[in-house]
Amino acid sequence: MTSGMRFLKFGKFRRLKTTFSEFDRHSSCVSTPDSFKWHLMSAVCLVRHPVVSAQPSAIEQRYQKLMNEMEFENSLLSDHELRHRADLDFIEKKKQEDFDESEEDALTLTAQDQQDIWDSQLSHFTPANTITEADEKNDQQSTDRKLDEKLILIVKQKLGDRFHWVLPQGQRSQGESMRQAAERVLSLTCGQEIKAQFMSNAPCGFYKYMYGNIHLSNEGAKVFFFKAHTVMGQVELAQRDSISDYLWLPRVNLKDYLVPSYYRHVKRFILSL
């Protein structure tokens, strides 16, 4: 970045008419002049990881059944099963007329007695409901929903004179690393309450676009994405003039909100696992 480059304040871009142009479609065949200026942006892919295990798919259930059968056929007896066999042998000995049962033998808890206790305890156990109040209300601003899925934060951010659904992003300030810029962006857009753990100093994805018409504008943005996951806290929008709304969405629903060219780049580094 040259010393003569104009640094723009976070969230305030000049001369944006069409923020997300299809520049990425032409980037491989369109050369930019020496006077072209790229502004470096950091964006945060903030993820709330699954809280409970997802229900296995049909093929996962079949595979698990196969593995259980193989384990049952090939595995050795457990200590509990060996104890049960010893108890059966002891019962057969008790049937003999000359068997003399001691007080200790009479008070011994058999494997079957232990199994009955475990079954009784299990019958009184009620697993927690994984369908939360936020699920029932379809509250897309809550992380207390879709507990078995990964949720990604997107914000409705003002870029130029229009609002777009994007991952939280902002321009790098002079002297910052791209990772430091991403941390600052998260704090500015989502408030001080939410705490996140960044996964790496290296970006996980990249996207670039032109400010305005591809043939008329001589400025654009290069966006570097950094992954992070939530630790605690909730989103509190700190800049209502530049961020009007936010949503926590599963990966499959991102395409309903993000611009297609932008979504094609984002989905590459958001795994459905």
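So, here's what we can say about the structure. (Residues numbered from 1 in each chain as written. Predicted model: local features only at pLDDT ≥ 70, side-chain atom pairs only at ≥ 80, totals over all residues. Heavy atoms only, no water.)

Observations regarding helix α2 (residues 58-74)
In step 1: Between the first and last C-alpha of α2 there are 25 Å, a value that for 17 residues agrees with the 24 Å anticipated at 1.5 Å per step.
In step 2: With respect to burial, α2 is a largely exposed element, only 0 of its 17 residues being buried. (Helix = DSSP H or I, 4+ residues; strand = E, 2+ residues; numbered from the N terminus. Expected span 1.5 Å × (residues − 1). Buried < 20%, exposed > 50% of the residue type's maximum accessible area, 1.4 Å probe, protein only.)

Considering the state of the cysteines
In step 1: Overall, the coordinates contain 0 disulfides when judged by the stated rule.
In step 2: Looking at cysteine 45, it has no disulfide partner, and the nearest cysteine sulfur is the one in cysteine 204, 5.7 Å off.
In step 3: A residue is classified by how much of its surface remains accessible, and cysteine 45, at 0% relative accessible area, is buried. (Disulfide = S-S within 2.5 Å.)

Focus: the nonpolar core
In step 1: In this structure, Leu167 and Phe225 are the most contacted members of the largest nonpolar core, which totals 43 residues.
In step 2: For this core, the elements supplying multiple residues, two or more each, are β1 (37-48), β2 (151-159), β3 (162-166), α7 (178-190), β6 (205-210), β7 (219-232), β8 (243-250) and α8 (260-266).
In step 3: In contact with leucine 167, other than residues within four places in its own chain, are Ala43, Val44, Cys45, Ile152, Leu153, Ile154, Val155, Gln157, Phe225, Tyr262, Val266 and Phe269. (Core = buried A, V, L, I, M, F, W, Y, C linked by side-chain atoms within 4.5 Å. Contact = heavy atoms within 4.5 Å.)

Brief notes about the environment of serine 272
In step 1: Position of serine 272 among the secondary structure elements: in the segment after α8.
In step 2: Its relative accessible area of 63% is what places serine 272 among the exposed residues.
In step 3: The sequence separation of serine 272 and proline 250 amounts to 22 residues, and the corresponding C-alpha distance is 8.7 Å.

Thoughts on the packing of aromatic side chains
In step 1: A complete count under the given rule lists 7 aromatic pairs for this structure.
In step 2: Considering the side-chain rings of tyrosine 209 and tyrosine 211, the 6.1 Å spacing of their centres and the 50° angle between planes classify their relative orientation as tilted. In this pair, the class of tyrosine 209 matches that of tyrosine 211, namely buried.
In step 3: A centroid spacing of 5.1 Å and a plane angle of 35° characterise the contact between phenylalanine 225 and phenylalanine 269, whose relative ring orientation is tilted. Taken together, the residues span a long stretch of sequence, with phenylalanine 225 in strand β7 and phenylalanine 269 in the segment after α8 at a distance of 44 residues. With respect to burial, phenylalanine 225 and phenylalanine 269 carry one shared label: buried.
In step 4: Three or more aromatic residues joined by ring pairs form one cluster here, namely Tyr207, Tyr209, Tyr211, Phe225, Tyr262 and Phe269. (Phe/Tyr/Trp six-rings, centres within 6.5 Å; stacked < 30°, edge-to-face > 60°.)

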